[in-house]
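So you can see what is in the structure, the chains are spelled out below.
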Amino acid sequence: MRIDRPDDGTLVPARDAAEITGEGTDVRRGAPDIGSHPADDPGRAAIYARYQATVEAEYRMAASYARWETAKAKLEAQWAHHVVEQPAGRSGSPAFCTQESREAVERGCRSFRETEEKITTPAMSRIEAADPQRCLVGLERRCKGEDRIMEKVARQMEAQADLTPAEALASVKDAIRYTFRYSEDRYTEGVNADIDRLKAAGFALVELR
């Protein structure tokens, strides 16, 4: 489109004057009103449609940014709380993190895995077979990960400076864990029966919740 300067001595067409002065536009969003132009000019309509789409996209982006800023503040607060409640050692490693301590915990983890493979899982499988009305679930998560055990040991040693790695490791109660699924109507009966089976298999009841 050619826009004539005032000293050219020519007139700007009324339609183009509306574009220059902003008349016939959507004041709320600053987008041109496509409907104000001739329907028989598809090229101009397409240009204005693209412009409208760009403006709408910018508004959506601005709204998304506002939502992110709100979420970001909440996430930062949650992370600050996590850092206080679950402190890590320097560079993100467990705070005790001497080579000797780490090796002691790694030996303990290997012992846990050996116990699980040779003793506890075979025994739990035999106990499961004694009652087909309930079953073991989540066996793939029966061993706690070594990193999580390291973190628990680190927290114990930070809380009690006189603990040895072996003593802190012994306080990790769920290094090996199993879950039975019972029907609701047989829950109490099933739990009591399995406690008796565990005792008969050589396990000792330490705590019942």
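### Topic: the nonpolar core
Among the nonpolar cores identified, the biggest contains eleven residues, and these are Val105, Cys109, Ile149, Met150, Val153, Met157, Leu163, Ala168, Leu169, Val172 and Ala175. Residue assignment for this core shows that the elements contributing at least two residues are α3 (99-129), α4 (146-159) and α5 (165-170). In terms of residue count, the dominant contributor to this core is α4 (four residues). Aside from chain neighbours lying at most four places away, what touches Ala175 is Phe112, Arg142, Cys143, Lys144 and Ile149. Met124, Leu136, Tyr182 and Val191 belong to the second-largest nonpolar core, a separate cluster that totals seven residues.

### What about the pattern of salt bridges?
Summed over the entire model, instances satisfying the criterion amount to 14 salt bridges. Note that Glu140 and Arg141 form a salt bridge whose closest N and O atoms lie 2.9 Å from each other. Overlapping salt bridges bring together Lys144, Lys152, Asp174 and Arg177 as one network.

### Some remarks on the environment of Leu205
With respect to the element layout, Leu205 can be found in the segment after α6 (187-200). The class of Leu205 is partly exposed, set by a relative accessible area of 46%. Taking the C-alpha atoms as reference points, Leu205 and Ile195, separated by ten residues in sequence, lie 7.8 Å from one another.

### Regarding the packing of aromatic side chains
When we look at a pair of aromatic rings, we describe it by the centre distance and by the angle of the planes. Throughout the structure, instances matching the rule amount to two aromatic pairs. Taking 6.1 Å as the distance between ring centres and 50° as the angle between the ring planes, the aromatic pair formed by Phe180 and Tyr182 counts as tilted. Take Phe180 and Tyr182: they sit in the same class, and that class is buried. An angle of 85° between the planes, with centres 5.8 Å apart, marks the rings of Tyr182 and Tyr187 as edge-to-face. Taken together, the ring pairs connect Phe180, Tyr182 and Tyr187 into an aromatic cluster. For the cation-ring pair, Arg134 lies above Phe180, with the distance from its terminal atom to the ring centre recorded as 4.3 Å.

Reading the values: the criteria
Residues numbered from 1 in each chain as written. Predicted model: local features only at pLDDT ≥ 70, side-chain atom pairs only at ≥ 80, totals over all residues. Heavy atoms only, no water. Core = buried A, V, L, I, M, F, W, Y, C linked by side-chain atoms within 4.5 Å. Buried < 20%, exposed > 50% of the residue type's maximum accessible area, 1.4 Å probe, protein only. Helix = DSSP H or I, 4+ residues; strand = E, 2+ residues; numbered from the N terminus. Contact = heavy atoms within 4.5 Å. Salt bridge = Lys/Arg side-chain N within 4 Å of Asp/Glu carboxyl O. Phe/Tyr/Trp six-rings, centres within 6.5 Å; stacked < 30°, edge-to-face > 60°. Lys NZ or Arg CZ within 6 Å of the ring centre and 35° of its normal.

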